[in-house]
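If you want the building blocks of each chain, they are given just below.
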Amino acid sequence: MTEFDRSLHEQHGRRYRVEFHYDQDHPAPWKDDDGRGIVSEWTTRKKGPGERILHDDHGSYRYFDFASTVEKARRESWGVKGGRLDGETAGQYAVRAVEAEYEYLRAWCRDDWHYAGVVVTLLDDENEPTEYTESLWGVETWGDYHTTVINELVENIEHQLLQHQAQHVRVDPEPDVNWQNDAIQFPRLLAEISANIDWTRRQLEDLMEATDLTKEQLMEIFERATTAWDTIKAKTPAQR
């Protein structure tokens, strides 16, 4: 793996190492997705009607079939960021979508963007890597999209941590001992609240204000508690 960038990321009070690698095994974008423009193989023939030069290399060319791609765009209802303009016909909208596609593919040919592998690893208190790691490959660097998947990978690691912690909670044969165990009772309480309370808008807003958390963060905590409680319950037939 060839690394092209590295950074540190902090989330949920934890520190993560983020590595970006070239995904050199990923195929060209027009070979990876049916919803892409029509591109020729390398050829030495002359450009045909409706084609544009996409890439050239010492007398060899890849051609972008603009005309056929417009027809494809109309059949498949391709769109453009921002949507259709006022007064724009379906044909004009398709042409604009294909223009954007041409520039996107040409940028890849110029190495203005590439596919990457994003590897996120949890660090310990000494900033040393732990066993908890997640990765995603085939991620576009176009528009810095590769940086937007970091949070998702961190959440996957957080899920691993929750499962690991719940699996290592000691469930005692004596119910009274479990009743005193906050690692059991706290996720239990939150999971039961999540399952049995239908929040009104006002209640939710009050809770958000009291905890200084967003709605998404509150829902995440309830989800994490439910995951932990389900794991704990699986270790014992009943809890008091």
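Structure: above.
Residues numbered from 1 in each chain as written. Predicted model: local features only at pLDDT ≥ 70, side-chain atom pairs only at ≥ 80, totals over all residues. Heavy atoms only, no water.

### Observations concerning a negative patch on the surface
Move 1: Judged by side-chain charge, D32, D33, D34 and E76 come together as a negatively charged surface patch.
Move 2: By the secondary structure assignment, D32 is in helix α1 (residues 29-32).
Move 3: Among the residues examined, D32 registers a relative accessible area of 44% and is labelled partly exposed. (Patch = residues over 30% accessible without salt bridge, like charges linked within 9 Å, V, L, I, M, F, W, Y side chains within 5 Å. Areas by Shrake-Rupley, 256 points an atom, 1.4 Å probe, with all protein chains shown as cover. Salt bridge = Lys/Arg side-chain N within 4 Å of Asp/Glu carboxyl O. Lys, Arg positive; Asp, Glu negative; His and termini not counted. Charge placed at Lys NZ, Arg CZ, Asp CG, Glu CD. Helix = DSSP H or I, 4+ residues; strand = E, 2+ residues; numbered from the N terminus. Buried < 20%, exposed > 50% of the residue type's maximum accessible area, 1.4 Å probe, protein only.)

### Quick notes on the nonpolar core
Move 1: Formed by 21 residues in total, the largest nonpolar core has its most connected members in W30, V39, L54, F64, V98 and L105.
Move 2: Those elements that place two or more of their residues in this core are α2 (66-76) and α3 (90-109).
Move 3: The element that contributes the greatest number of residues to this core is α3, accounting for nine residues.
Move 4: Ignoring sequence-local partners within four residues, the contact set of V98 consists of F64, F66, T69, V70, A73 and W78.
Move 5: Ranked by size, the runner-up nonpolar core spans 14 residues in total, among them L122, V139, V149 and L161. (Core = buried A, V, L, I, M, F, W, Y, C linked by side-chain atoms within 4.5 Å. Contact = heavy atoms within 4.5 Å.)

### Focus: helix α6 (residues 182-196)
In an α-helix, one full turn covers 3.6 residues, which means residues spaced three or four apart are oriented alike.
Move 1: Between its first and last C-alpha, α6 extends 21 Å over 15 residues, near the 21 Å set by a 1.5 Å rise per residue.
Move 2: The set of residues buried in α6 consists of I184, Q185, P187 and A191.
Move 3: Turning to α6, the residues buried within the fold contact α5 (175-179) and α8 (215-233). (Expected span 1.5 Å × (residues − 1).)

### Re the packing of aromatic side chains
Move 1: On inspection of all chains with the given rule, the structure shows 11 aromatic pairs.
Move 2: Between the aromatic rings of Y61 and Y63, the centroid separation amounts to 5.8 Å while the plane-to-plane angle is 10 degrees, which identifies the pairing as stacked.
Move 3: The class of Y61 is partly exposed, set by a relative accessible area of 25%.
Move 4: Judged by its relative accessible area of 3%, Y63 falls in the buried class.
Move 5: An aromatic cluster is built from Y104, W113, Y115 and W142, whose rings are joined through pairwise contacts.
Move 6: Between the NZ or CZ atom of R52 and the centre of the ring of F66, over which it lies, the distance is 4.0 Å.
Move 7: For R52, the ring lying beneath its charged end belongs to Y102, and the centroid distance is 5.1 Å. (Phe/Tyr/Trp six-rings, centres within 6.5 Å; stacked < 30°, edge-to-face > 60°. Lys NZ or Arg CZ within 6 Å of the ring centre and 35° of its normal.)

### A word on the sheet that holds strand β1 (residues 2-11)
Move 1: The four strands are arranged β1-β2-β5-β6 in an open sheet whose pairing can be described as antiparallel. Each edge of the open sheet is held by one strand with a lone partner, namely β1 and β6 (129-140). Each strand of the sheet is rotated relative to its neighbour by a mean of 20 degrees, with strand direction disregarded.
Move 2: In terms of strand pairing, β1 meets strand β2 (residues 14-22) through nine bridges, oriented antiparallel. Counterpart to R6 in the pairing with β2 is E19. (Pairing = 2+ DSSP bridges. Axes fitted to C-alpha atoms, helices over the stretch in contact; angles between N-to-C directions.)

### Brief notes about the pattern of salt bridges
Move 1: For the coordinates displayed, the defined rule picks out 17 salt bridges.
Move 2: A salt bridge links R15 to E10, with the nearest nitrogen and oxygen atoms 2.7 Å apart.
Move 3: Looking at R15, the relative accessible area reads 30%, which means it is partly exposed.
Move 4: Residues E51 and R45 are paired through a salt bridge, measuring 2.9 Å at the closest nitrogen-oxygen approach.
Move 5: Its relative accessible area of 13% is what places E51 among the buried residues.
Move 6: According to the relative accessible area criterion, R45 is partly exposed, its value standing at 37%.
Move 7: One continuous salt-bridge network, built from bridges that share partners, spans E3, R6, R17 and E19.

### Examining the environment of G48
Move 1: Looking at the element boundaries, G48 is found in the loop between α1 and β3 (51-57).
Move 2: When its relative accessible area of 18% is taken as the criterion, G48 is described as buried.
Move 3: Between the C-alpha atoms of G48 and D65, which are 17 residues apart in sequence, the distance is 8.5 Å.

### As for α3
Move 1: Taking 1.5 Å of rise per residue, the 20 residues of α3 would be expected to cover 28 Å, and the 29 Å separating its terminal C-alpha atoms lies within 8% of that figure.
Move 2: The elements touched by buried residues of α3 are α1, β3, β4 (60-65), α2, β5 (115-123) and β6.
Move 3: One or two residues past the end of α3 sits D111, with phi positive at roughly 65 degrees.

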